[in-house]
Amino acid sequence: SLSDRLGGVFDRLRGRGALTEADVRTAMREVRVALLEADVALPVARSFVDKVTEQAVGQNVLRSVTPGQQVVKIVNDALVEMLGADESELELAVTPPAVVMVVGLQGSGKTTTTAKIAKRLVSRERKKVLMASLDVNRPNAQEQLATLGTQIEVATLPIVAGQQPVDIARRALQAAKLQGYDVLMLDTAGRLHVDQALMDEMKAVAEIATPQEILLVVDALTGQDAVNVAQNFSDQVPLTGVVLTRMDGDARGGAALSMRAVTGKPIKFAGVGEKLDALEAFHPSRVAGRILGMGDVVSLVERAAESIQAEDAERMTARLAKGQFDMNDLRGQLAQMRRMGGLGALAGMMPGMKKAQGALATAGGDKMLIHMDAMIGSMTVKERAKPELINAKRKIRIAKGSGTTVQEINKLLKMHQEMSTAMKKIKKMGGLKGMMAMLG
Ligand code: GDP
Ligand code: MG
(Lines give C-alpha, C1' and ligand atoms only; values in the text may rest on other atoms or scores of the structure.)
(Ligands and ions follow the chains in the order given, each with its own letter.)
Protein backbone atom coordinates (compact mmCIF):
# COMPACT_ATOMS: atom_id res chain seq x y z
CA SER A 1 0.00 0.00 0.00
CA LEU A 2 0.98 3.62 -0.33
CA SER A 3 1.52 4.03 3.38
CA ASP A 4 3.98 1.12 3.36
CA ARG A 5 5.72 2.49 0.33
CA LEU A 6 5.92 5.97 1.68
CA GLY A 7 7.14 4.57 5.00
CA GLY A 8 10.61 4.17 3.51
CA VAL A 9 10.57 7.58 1.89
CA PHE A 10 9.27 9.15 5.09
CA ASP A 11 12.05 7.71 7.16
CA ARG A 12 14.50 9.36 4.84
CA LEU A 13 12.60 12.62 5.10
CA ARG A 14 12.30 12.55 8.86
CA GLY A 15 13.62 15.42 10.86
CA ARG A 16 13.98 18.10 8.23
CA GLY A 17 12.39 21.52 8.19
CA ALA A 18 10.69 21.99 4.85
CA LEU A 19 9.74 19.62 2.07
CA THR A 20 12.30 20.10 -0.70
CA GLU A 21 11.51 19.53 -4.33
CA ALA A 22 13.71 16.42 -4.37
CA ASP A 23 11.93 14.99 -1.29
CA VAL A 24 8.54 15.61 -2.78
CA ARG A 25 9.50 14.17 -6.14
CA THR A 26 10.75 11.00 -4.49
CA ALA A 27 7.51 10.66 -2.55
CA MET A 28 5.42 11.47 -5.59
CA ARG A 29 6.96 8.65 -7.58
CA GLU A 30 5.44 6.32 -5.00
CA VAL A 31 2.16 8.19 -5.07
CA ARG A 32 2.01 7.76 -8.83
CA VAL A 33 2.58 4.02 -8.58
CA ALA A 34 -0.12 3.77 -5.91
CA LEU A 35 -2.57 5.66 -8.09
CA LEU A 36 -1.90 3.43 -11.07
CA GLU A 37 -2.28 0.35 -8.89
CA ALA A 38 -5.63 1.72 -7.79
CA ASP A 39 -6.59 1.92 -11.49
CA VAL A 40 -6.40 5.66 -11.90
CA ALA A 41 -5.92 6.32 -15.61
CA LEU A 42 -2.35 7.26 -16.53
CA PRO A 43 -2.94 10.82 -17.79
CA VAL A 44 -5.11 11.55 -14.76
CA ALA A 45 -2.48 10.20 -12.36
CA ARG A 46 0.17 12.26 -14.09
CA SER A 47 -1.68 15.55 -13.88
CA PHE A 48 -2.70 14.86 -10.30
CA VAL A 49 0.89 14.24 -9.27
CA ASP A 50 2.07 17.41 -11.00
CA LYS A 51 -0.54 19.46 -9.22
CA VAL A 52 0.23 18.01 -5.81
CA THR A 53 3.99 18.33 -6.28
CA GLU A 54 3.53 22.03 -6.82
CA GLN A 55 1.47 22.35 -3.67
CA ALA A 56 3.79 20.31 -1.50
CA VAL A 57 7.21 21.72 -2.32
CA GLY A 58 8.36 24.21 0.27
CA GLN A 59 5.66 23.45 2.80
CA ASN A 60 7.00 23.45 6.31
CA VAL A 61 6.71 20.20 8.15
CA LEU A 62 4.60 20.89 11.18
CA ARG A 63 6.14 20.04 14.52
CA SER A 64 3.38 17.69 15.53
CA VAL A 65 3.50 15.46 12.48
CA THR A 66 6.14 13.55 10.55
CA PRO A 67 7.00 14.59 7.00
CA GLY A 68 5.37 11.38 5.87
CA GLN A 69 2.09 12.24 7.51
CA GLN A 70 2.28 15.65 6.02
CA VAL A 71 2.77 14.32 2.51
CA VAL A 72 -0.06 11.84 2.97
CA LYS A 73 -2.25 14.68 4.21
CA ILE A 74 -1.41 16.85 1.22
CA VAL A 75 -2.01 13.98 -1.20
CA ASN A 76 -5.19 12.96 0.58
CA ASP A 77 -6.59 16.50 0.64
CA ALA A 78 -5.88 16.99 -3.05
CA LEU A 79 -7.48 13.65 -3.80
CA VAL A 80 -10.61 14.47 -1.80
CA GLU A 81 -10.82 17.85 -3.48
CA MET A 82 -10.52 16.33 -6.91
CA LEU A 83 -13.06 13.62 -6.10
CA GLY A 84 -15.48 16.34 -5.07
CA ALA A 85 -15.45 17.71 -1.57
CA ASP A 86 -19.20 17.59 -1.12
CA GLU A 87 -21.56 14.72 -1.23
CA SER A 88 -23.88 15.24 -4.12
CA GLU A 89 -27.48 14.05 -4.38
CA LEU A 90 -29.84 13.98 -7.32
CA GLU A 91 -31.33 17.30 -8.30
CA LEU A 92 -34.96 16.68 -9.01
CA ALA A 93 -36.56 19.94 -7.96
CA VAL A 94 -38.60 20.59 -11.11
CA THR A 95 -42.22 20.40 -12.09
CA PRO A 96 -42.87 16.67 -12.05
CA PRO A 97 -42.14 14.32 -13.56
CA ALA A 98 -38.37 14.73 -13.13
CA VAL A 99 -36.61 12.45 -15.57
CA VAL A 100 -33.50 10.47 -14.63
CA MET A 101 -31.78 8.74 -17.52
CA VAL A 102 -29.23 6.03 -16.89
CA VAL A 103 -26.55 5.31 -19.51
CA GLY A 104 -23.40 3.20 -19.76
CA LEU A 105 -21.75 0.12 -21.17
CA GLN A 106 -23.48 -3.25 -21.17
CA GLY A 107 -23.15 -5.05 -17.87
CA SER A 108 -21.99 -1.96 -16.00
CA GLY A 109 -25.03 -2.20 -13.74
CA LYS A 110 -27.50 0.25 -15.31
CA THR A 111 -30.66 -1.77 -14.74
CA THR A 112 -29.72 -2.68 -11.19
CA THR A 113 -28.76 0.92 -10.46
CA THR A 114 -32.05 2.18 -11.91
CA ALA A 115 -33.95 -0.01 -9.47
CA LYS A 116 -31.66 0.91 -6.57
CA ILE A 117 -32.16 4.63 -7.15
CA ALA A 118 -35.92 4.16 -7.53
CA LYS A 119 -36.04 2.27 -4.24
CA ARG A 120 -34.05 4.99 -2.53
CA LEU A 121 -36.31 7.76 -3.84
CA VAL A 122 -39.40 5.89 -2.71
CA SER A 123 -38.20 4.97 0.75
CA ARG A 124 -36.21 8.08 1.64
CA GLU A 125 -38.07 10.82 -0.15
CA ARG A 126 -41.52 9.28 -0.50
CA LYS A 127 -41.44 9.95 -4.24
CA LYS A 128 -43.83 8.29 -6.62
CA VAL A 129 -41.54 6.65 -9.15
CA LEU A 130 -42.11 5.05 -12.55
CA MET A 131 -39.37 3.03 -14.26
CA ALA A 132 -39.13 2.24 -17.96
CA SER A 133 -36.61 0.12 -19.81
CA LEU A 134 -35.62 1.34 -23.25
CA ASP A 135 -33.40 -1.66 -23.84
CA VAL A 136 -34.80 -3.42 -26.87
CA ASN A 137 -31.46 -4.97 -27.77
CA ARG A 138 -30.89 -7.42 -24.98
CA PRO A 139 -33.48 -10.21 -24.77
CA ASN A 140 -35.63 -9.89 -21.67
CA ALA A 141 -34.04 -6.60 -20.62
CA GLN A 142 -37.48 -5.02 -20.17
CA GLU A 143 -38.70 -8.01 -18.20
CA GLN A 144 -35.61 -7.79 -15.98
CA LEU A 145 -36.57 -4.27 -14.95
CA ALA A 146 -40.21 -5.30 -14.47
CA THR A 147 -39.10 -8.10 -12.14
CA LEU A 148 -36.96 -5.71 -10.12
CA GLY A 149 -39.92 -3.32 -9.99
CA THR A 150 -42.10 -6.02 -8.50
CA GLN A 151 -39.43 -6.80 -5.91
CA ILE A 152 -39.14 -3.22 -4.72
CA GLU A 153 -42.80 -2.36 -5.32
CA VAL A 154 -42.06 0.35 -7.86
CA ALA A 155 -44.19 0.68 -10.98
CA THR A 156 -42.73 -0.12 -14.39
CA LEU A 157 -44.10 0.98 -17.72
CA PRO A 158 -46.15 -1.84 -19.31
CA ILE A 159 -44.13 -3.55 -22.04
CA VAL A 160 -45.32 -3.14 -25.62
CA ALA A 161 -43.61 -5.59 -27.95
CA GLY A 162 -41.80 -4.17 -30.96
CA GLN A 163 -41.68 -0.57 -29.80
CA GLN A 164 -38.50 1.43 -30.38
CA PRO A 165 -36.64 3.26 -27.57
CA VAL A 166 -37.66 6.77 -28.56
CA ASP A 167 -41.32 5.71 -28.69
CA ILE A 168 -41.05 3.94 -25.37
CA ALA A 169 -39.54 7.09 -23.87
CA ARG A 170 -42.39 9.19 -25.26
CA ARG A 171 -44.99 6.77 -23.91
CA ALA A 172 -43.24 6.67 -20.52
CA LEU A 173 -43.20 10.43 -20.29
CA GLN A 174 -46.87 10.64 -21.10
CA ALA A 175 -47.77 7.95 -18.57
CA ALA A 176 -45.69 9.68 -15.90
CA LYS A 177 -47.44 12.98 -16.56
CA LEU A 178 -50.94 11.57 -16.71
CA GLN A 179 -50.55 9.36 -13.66
CA GLY A 180 -48.87 11.96 -11.50
CA TYR A 181 -45.46 10.42 -11.02
CA ASP A 182 -42.77 12.53 -9.37
CA VAL A 183 -39.87 10.79 -11.05
CA LEU A 184 -39.45 8.82 -14.26
CA MET A 185 -36.39 6.59 -14.44
CA LEU A 186 -35.23 5.65 -17.93
CA ASP A 187 -32.98 2.60 -18.14
CA THR A 188 -31.23 2.52 -21.51
CA ALA A 189 -29.71 -0.17 -23.69
CA GLY A 190 -26.21 -1.30 -22.97
CA ARG A 191 -23.29 -1.20 -25.30
CA LEU A 192 -20.38 -3.59 -25.23
CA HIS A 193 -18.25 -0.80 -26.53
CA VAL A 194 -19.09 2.59 -27.87
CA ASP A 195 -21.27 2.16 -30.95
CA GLN A 196 -22.55 5.10 -32.96
CA ALA A 197 -26.03 3.72 -33.73
CA LEU A 198 -26.72 3.23 -30.04
CA MET A 199 -25.17 6.59 -29.21
CA ASP A 200 -27.54 8.26 -31.68
CA GLU A 201 -30.44 6.46 -30.11
CA MET A 202 -29.34 7.64 -26.67
CA LYS A 203 -29.09 11.22 -27.93
CA ALA A 204 -32.55 11.05 -29.48
CA VAL A 205 -34.01 9.80 -26.20
CA ALA A 206 -32.24 12.55 -24.26
CA GLU A 207 -33.66 15.13 -26.66
CA ILE A 208 -37.28 14.12 -26.24
CA ALA A 209 -37.15 13.27 -22.53
CA THR A 210 -35.02 16.29 -21.47
CA PRO A 211 -33.75 14.55 -18.33
CA GLN A 212 -32.82 16.48 -15.19
CA GLU A 213 -30.19 13.88 -14.55
CA ILE A 214 -28.20 11.80 -17.02
CA LEU A 215 -26.17 9.39 -14.97
CA LEU A 216 -23.24 7.48 -16.43
CA VAL A 217 -22.95 4.08 -14.76
CA VAL A 218 -19.39 2.76 -14.66
CA ASP A 219 -18.03 -0.45 -13.22
CA ALA A 220 -15.33 0.43 -10.71
CA LEU A 221 -13.27 -2.46 -12.05
CA THR A 222 -13.06 -0.90 -15.52
CA GLY A 223 -9.47 0.17 -15.01
CA GLN A 224 -7.53 2.16 -17.56
CA ASP A 225 -10.38 2.10 -20.06
CA ALA A 226 -12.59 4.14 -17.75
CA VAL A 227 -11.35 7.42 -19.21
CA ASN A 228 -12.28 6.43 -22.75
CA VAL A 229 -15.73 5.34 -21.67
CA ALA A 230 -16.29 8.58 -19.79
CA GLN A 231 -14.97 10.68 -22.66
CA ASN A 232 -17.18 8.97 -25.24
CA PHE A 233 -20.40 9.29 -23.28
CA SER A 234 -19.57 12.76 -22.13
CA ASP A 235 -19.07 13.86 -25.76
CA GLN A 236 -22.51 12.60 -26.76
CA VAL A 237 -24.88 13.60 -23.98
CA PRO A 238 -24.82 16.22 -21.23
CA LEU A 239 -24.00 13.99 -18.27
CA THR A 240 -24.93 15.31 -14.84
CA GLY A 241 -23.26 12.68 -12.73
CA VAL A 242 -21.60 9.31 -12.41
CA VAL A 243 -22.52 6.16 -10.51
CA LEU A 244 -19.64 3.84 -9.72
CA THR A 245 -20.76 0.23 -9.34
CA ARG A 246 -19.06 -2.83 -7.84
CA MET A 247 -17.36 -0.79 -5.17
CA ASP A 248 -17.98 -3.84 -2.99
CA GLY A 249 -15.36 -5.74 -4.98
CA ASP A 250 -11.59 -5.50 -5.00
CA ALA A 251 -11.57 -2.22 -6.87
CA ARG A 252 -9.55 0.42 -5.10
CA GLY A 253 -11.70 3.09 -6.64
CA GLY A 254 -9.20 4.76 -8.93
CA ALA A 255 -11.86 4.86 -11.63
CA ALA A 256 -13.62 7.49 -9.51
CA LEU A 257 -10.74 9.89 -9.97
CA SER A 258 -10.58 9.23 -13.71
CA MET A 259 -14.33 9.79 -14.04
CA ARG A 260 -14.16 13.05 -12.18
CA ALA A 261 -11.20 14.30 -14.17
CA VAL A 262 -12.72 13.49 -17.55
CA THR A 263 -16.39 14.37 -17.07
CA GLY A 264 -16.00 17.11 -14.48
CA LYS A 265 -19.24 15.76 -13.01
CA PRO A 266 -19.82 14.59 -9.45
CA ILE A 267 -19.97 10.95 -8.54
CA LYS A 268 -23.43 10.72 -7.07
CA PHE A 269 -23.61 7.15 -5.84
CA ALA A 270 -21.56 4.05 -5.27
CA GLY A 271 -23.01 0.59 -5.89
CA VAL A 272 -21.83 -1.78 -3.20
CA GLY A 273 -23.53 -5.08 -3.99
CA GLU A 274 -26.12 -6.90 -6.02
CA LYS A 275 -28.94 -6.34 -3.54
CA LEU A 276 -31.28 -3.48 -4.27
CA ASP A 277 -30.42 -1.57 -1.13
CA ALA A 278 -26.69 -1.75 -1.86
CA LEU A 279 -26.38 1.85 -2.99
CA GLU A 280 -24.52 4.49 -1.02
CA ALA A 281 -23.86 8.18 -1.30
CA PHE A 282 -20.35 8.65 -2.65
CA HIS A 283 -17.91 9.65 0.07
CA PRO A 284 -14.83 11.26 -1.45
CA SER A 285 -12.83 11.01 1.76
CA ARG A 286 -13.42 7.30 2.11
CA VAL A 287 -12.55 6.60 -1.48
CA ALA A 288 -9.42 8.73 -1.14
CA GLY A 289 -8.39 6.52 1.79
CA ARG A 290 -9.08 3.46 -0.28
CA ILE A 291 -7.07 4.71 -3.24
CA LEU A 292 -4.17 5.52 -0.94
CA GLY A 293 -4.49 2.04 0.55
CA MET A 294 -5.00 3.10 4.12
CA GLY A 295 -8.04 0.91 4.68
CA ASP A 296 -11.49 2.27 5.12
CA VAL A 297 -10.87 3.34 8.67
CA VAL A 298 -13.25 6.25 8.55
CA SER A 299 -16.29 4.20 7.65
CA LEU A 300 -15.31 1.61 10.22
CA VAL A 301 -15.20 4.31 12.86
CA GLU A 302 -18.50 5.75 11.66
CA ARG A 303 -20.24 2.43 11.82
CA ALA A 304 -18.75 1.62 15.18
CA ALA A 305 -19.95 4.96 16.47
CA GLU A 306 -23.46 4.12 15.40
CA SER A 307 -23.62 0.93 17.33
CA ILE A 308 -21.68 1.51 20.52
CA GLN A 309 -22.48 3.77 23.39
CA ALA A 310 -20.86 7.17 23.12
CA GLU A 311 -18.70 6.68 26.19
CA ASP A 312 -17.54 3.30 24.95
CA ALA A 313 -16.53 4.97 21.73
CA GLU A 314 -14.59 7.63 23.56
CA ARG A 315 -12.78 5.13 25.69
CA MET A 316 -11.98 2.99 22.68
CA THR A 317 -10.76 5.95 20.66
CA ALA A 318 -8.48 7.03 23.47
CA ARG A 319 -7.01 3.56 23.73
CA LEU A 320 -6.61 3.15 20.01
CA ALA A 321 -4.90 6.53 19.86
CA LYS A 322 -2.32 5.12 22.27
CA GLY A 323 -2.05 1.93 20.25
CA GLN A 324 -3.46 -0.13 23.13
CA PHE A 325 -5.55 -3.17 22.48
CA ASP A 326 -6.09 -5.80 25.16
CA MET A 327 -8.54 -8.67 25.59
CA ASN A 328 -11.21 -6.36 26.98
CA ASP A 329 -10.97 -4.30 23.82
CA LEU A 330 -11.12 -7.42 21.72
CA ARG A 331 -14.19 -8.56 23.62
CA GLY A 332 -15.85 -5.22 22.99
CA GLN A 333 -14.99 -5.49 19.32
CA LEU A 334 -16.38 -9.01 19.09
CA ALA A 335 -19.67 -7.92 20.62
CA GLN A 336 -19.75 -5.05 18.19
CA MET A 337 -19.04 -7.29 15.24
CA ARG A 338 -22.05 -9.32 16.21
CA ARG A 339 -24.17 -6.20 16.42
CA MET A 340 -22.92 -4.93 13.09
CA GLY A 341 -24.00 -8.01 11.22
CA GLY A 342 -21.12 -10.41 11.68
CA LEU A 343 -17.70 -10.64 10.23
CA GLY A 344 -18.58 -10.33 6.59
CA ALA A 345 -19.61 -6.74 7.05
CA LEU A 346 -16.23 -5.84 8.48
CA ALA A 347 -14.00 -7.63 6.04
CA GLY A 348 -11.28 -5.55 4.55
CA MET A 349 -12.41 -2.33 6.14
CA MET A 350 -9.36 -1.98 8.27
CA PRO A 351 -5.70 -2.60 7.78
CA GLY A 352 -4.83 -5.92 9.39
CA MET A 353 -8.41 -7.07 9.70
CA LYS A 354 -8.34 -9.29 6.65
CA LYS A 355 -5.78 -11.61 8.22
CA ALA A 356 -7.59 -11.70 11.51
CA GLN A 357 -10.78 -12.45 9.72
CA GLY A 358 -9.16 -15.33 7.86
CA ALA A 359 -8.27 -16.91 11.18
CA LEU A 360 -11.85 -16.52 12.33
CA ALA A 361 -13.43 -17.76 9.16
CA THR A 362 -11.50 -21.02 9.25
CA ALA A 363 -12.63 -21.42 12.83
CA GLY A 364 -16.29 -21.37 11.86
CA GLY A 365 -17.30 -17.75 11.43
CA ASP A 366 -19.84 -16.05 13.61
CA LYS A 367 -20.38 -19.00 15.95
CA MET A 368 -16.74 -18.52 16.80
CA LEU A 369 -17.50 -15.01 18.00
CA ILE A 370 -19.61 -16.52 20.76
CA HIS A 371 -16.90 -19.03 21.66
CA MET A 372 -14.34 -16.28 21.82
CA ASP A 373 -16.52 -14.33 24.16
CA ALA A 374 -16.65 -17.37 26.43
CA MET A 375 -12.87 -17.77 26.30
CA ILE A 376 -12.25 -14.18 27.28
CA GLY A 377 -14.87 -14.64 29.99
CA SER A 378 -12.75 -17.43 31.46
CA MET A 379 -9.63 -15.31 31.67
CA THR A 380 -8.60 -13.55 34.83
CA VAL A 381 -8.63 -9.77 34.96
CA LYS A 382 -4.84 -9.78 34.72
CA GLU A 383 -4.83 -12.08 31.72
CA ARG A 384 -7.29 -9.89 29.90
CA ALA A 385 -5.18 -6.82 30.44
CA LYS A 386 -1.93 -8.63 29.64
CA PRO A 387 -2.58 -11.51 27.26
CA GLU A 388 1.16 -12.27 27.06
CA LEU A 389 0.79 -13.83 30.55
CA ILE A 390 -1.21 -16.66 29.03
CA ASN A 391 1.19 -19.63 29.03
CA ALA A 392 0.50 -23.27 28.26
CA LYS A 393 -0.82 -24.01 31.73
CA ARG A 394 -3.16 -21.04 31.71
CA LYS A 395 -4.40 -21.99 28.24
CA ILE A 396 -5.51 -25.39 29.54
CA ARG A 397 -7.37 -23.73 32.41
CA ILE A 398 -9.10 -21.21 30.13
CA ALA A 399 -10.07 -23.90 27.63
CA LYS A 400 -11.61 -25.97 30.42
CA GLY A 401 -13.42 -23.00 31.88
CA SER A 402 -14.94 -21.99 28.55
CA GLY A 403 -15.65 -25.43 27.17
CA THR A 404 -13.24 -24.89 24.30
CA THR A 405 -9.85 -26.25 23.23
CA VAL A 406 -6.29 -24.99 23.56
CA GLN A 407 -6.23 -24.81 19.79
CA GLU A 408 -9.11 -22.36 19.87
CA ILE A 409 -7.39 -20.33 22.57
CA ASN A 410 -4.34 -20.14 20.30
CA LYS A 411 -6.49 -18.85 17.46
CA LEU A 412 -7.96 -16.20 19.71
CA LEU A 413 -4.51 -15.10 20.86
CA LYS A 414 -3.32 -14.99 17.27
CA MET A 415 -6.25 -12.85 16.29
CA HIS A 416 -5.66 -10.52 19.20
CA GLN A 417 -2.03 -10.27 18.18
CA GLU A 418 -2.92 -9.34 14.62
CA MET A 419 -5.45 -6.73 15.62
CA SER A 420 -3.06 -5.31 18.15
CA THR A 421 -0.43 -4.98 15.42
CA ALA A 422 -2.96 -3.20 13.24
CA MET A 423 -3.69 -0.75 16.06
CA LYS A 424 0.00 -0.05 16.51
CA LYS A 425 0.26 0.64 12.80
CA ILE A 426 -2.52 3.19 13.13
CA LYS A 427 -0.73 4.74 16.05
CA LYS A 428 2.44 5.01 14.00
CA MET A 429 0.51 7.04 11.49
CA GLY A 430 -0.38 9.58 14.14
CA GLY A 431 -3.13 7.76 15.96
CA LEU A 432 -6.71 7.46 14.99
CA LYS A 433 -7.12 11.18 15.45
CA GLY A 434 -4.26 11.95 13.11
CA MET A 435 -5.66 9.47 10.68
CA MET A 436 -9.12 11.03 10.85
CA ALA A 437 -7.65 14.49 10.35
CA MET A 438 -5.72 13.23 7.36
CA LEU A 439 -8.81 11.72 5.88
CA GLY A 440 -10.64 15.00 6.37
P1 GDP B 1 -26.67 -3.44 -17.26
O2 GDP B 1 -26.35 -4.36 -18.41
O3 GDP B 1 -25.79 -2.24 -17.28
O4 GDP B 1 -28.11 -3.12 -17.15
O5 GDP B 1 -26.25 -4.24 -15.94
P6 GDP B 1 -27.16 -4.98 -14.87
O7 GDP B 1 -27.87 -4.00 -14.02
O8 GDP B 1 -28.00 -6.01 -15.54
O9 GDP B 1 -26.06 -5.64 -13.96
C10 GDP B 1 -25.15 -6.65 -14.40
C11 GDP B 1 -24.72 -7.49 -13.22
O12 GDP B 1 -23.97 -6.71 -12.31
C13 GDP B 1 -25.88 -8.05 -12.42
O14 GDP B 1 -25.60 -9.37 -12.07
C15 GDP B 1 -25.93 -7.18 -11.18
O16 GDP B 1 -26.45 -7.86 -10.07
C17 GDP B 1 -24.48 -6.82 -10.99
N18 GDP B 1 -24.27 -5.57 -10.27
C19 GDP B 1 -24.78 -4.34 -10.54
N20 GDP B 1 -24.35 -3.42 -9.66
C21 GDP B 1 -23.52 -4.07 -8.79
C22 GDP B 1 -22.74 -3.66 -7.64
O23 GDP B 1 -22.70 -2.50 -7.22
N24 GDP B 1 -22.03 -4.63 -7.01
C25 GDP B 1 -22.06 -5.94 -7.45
N26 GDP B 1 -21.32 -6.82 -6.79
N27 GDP B 1 -22.75 -6.34 -8.51
C28 GDP B 1 -23.49 -5.43 -9.19
MG1 MG C 1 -29.72 -3.44 -18.46
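The name given to the protein chain in an unreviewed UniProt entry is Signal recognition particle protein, and the organism recorded there is Sphingomonas insulae. Heading Subunit (unreviewed entry) of the UniProt record for the protein chain holds this comment: "Part of the signal recognition particle protein translocation system, which is composed of SRP and FtsY. SRP is a ribonucleoprotein composed of Ffh and a 4.5S RNA molecule." Checking UniProt for the protein chain, the heading Sequence similarities (unreviewed entry) contains the comment "Belongs to the GTP-binding SRP family. SRP54 subfamily."

S.K.: What is the right way to look at the nonpolar core in this model?
M.R.: Across soluble globular proteins, nonpolar side chains have a tendency to be buried as a group. If you look at the biggest cluster of nonpolar residues, it comprises 90 residues, and the most contacted ones within it are Leu184, Leu186 and Leu244. Mapped onto the domain boundaries, this core takes at least three residues apiece from domain 1 (2–83) and domain 2 (98–291). In this view, leucine 184 contacts Pro97, Val99, Leu130, Ala132, Ala172, Leu173 and Ala176; residues no more than four positions away in its chain are not counted. Within the second largest apolar cluster, twelve residues are counted, among which are Met372, Met375, Ile398 and Leu412.

S.K.: Got a minute to help me understand the site of ligand 1 in this structure?
M.R.: Looking at ligand 1, there are 18 residues lining it, with Gly109, Lys110, Thr111, Thr112 and Gly271 nearest. In the shell around ligand 1, the residues fall into two nonpolar, twelve polar and four charged.

S.K.: In this structure, what is going on with the UniProt feature "domain: SRP54-type proteins GTP-binding" (unreviewed entry) in the protein chain? I would like to understand it.
M.R.: The sites that UniProt annotates as "domain: SRP54-type proteins GTP-binding" (unreviewed entry) are residues 266–279. Within residues 266–279, the helical portion is 0% and the strand portion 43%, while the C-alpha atoms at the span's ends are 16 Å from each other.

S.K.: Just to check I follow, could you spell out the pairing of strand β5 (residues 213–219) for this structure?
M.R.: Along a regular strand, successive side chains alternate from one face of the sheet to the other. Within β5, six of the seven residues are buried, which leaves it mostly tucked inside the rest of the structure. Note that strand β1 (residues 98–104) and β5 share five bridges and pair parallel. When the bridges of β5 are listed, valine 102 appears paired with leucine 215. In this structure, β5 lies alongside strand β6 (residues 241–245), joined through five bridges in parallel fashion. Paired with valine 218 across the two strands is leucine 244, which belongs to β6. Handedness of the β5-helix α9 (residues 226–236)-β6 crossover: right-handed.

Thresholds applied
Residues numbered from 1 in each chain as written. Chains lettered and ligands numbered in written order. Predicted model: local features only at pLDDT ≥ 70, side-chain atom pairs only at ≥ 80, totals over all residues. UniProt positions renumbered as here; feature names shortened; annotations may be inferred. Core = buried A, V, L, I, M, F, W, Y, C linked by C-beta atoms within 7 Å. Buried ≥ 20, exposed ≤ 12 C-beta atoms within 10 Å, placed from the backbone. Domains from an automatic or database assignment. Contact = placed C-beta atoms within 7 Å. Near = placed C-beta within 6 Å. Nonpolar A, V, L, I, M, F, W, Y, C, P; charged D, E, K, R; others polar. Helix = DSSP H or I, 4+ residues; strand = E, 2+ residues; numbered from the N terminus. Pairing = 2+ DSSP bridges. Right-handed = clockwise from strand over helix to strand, strands pointing away.

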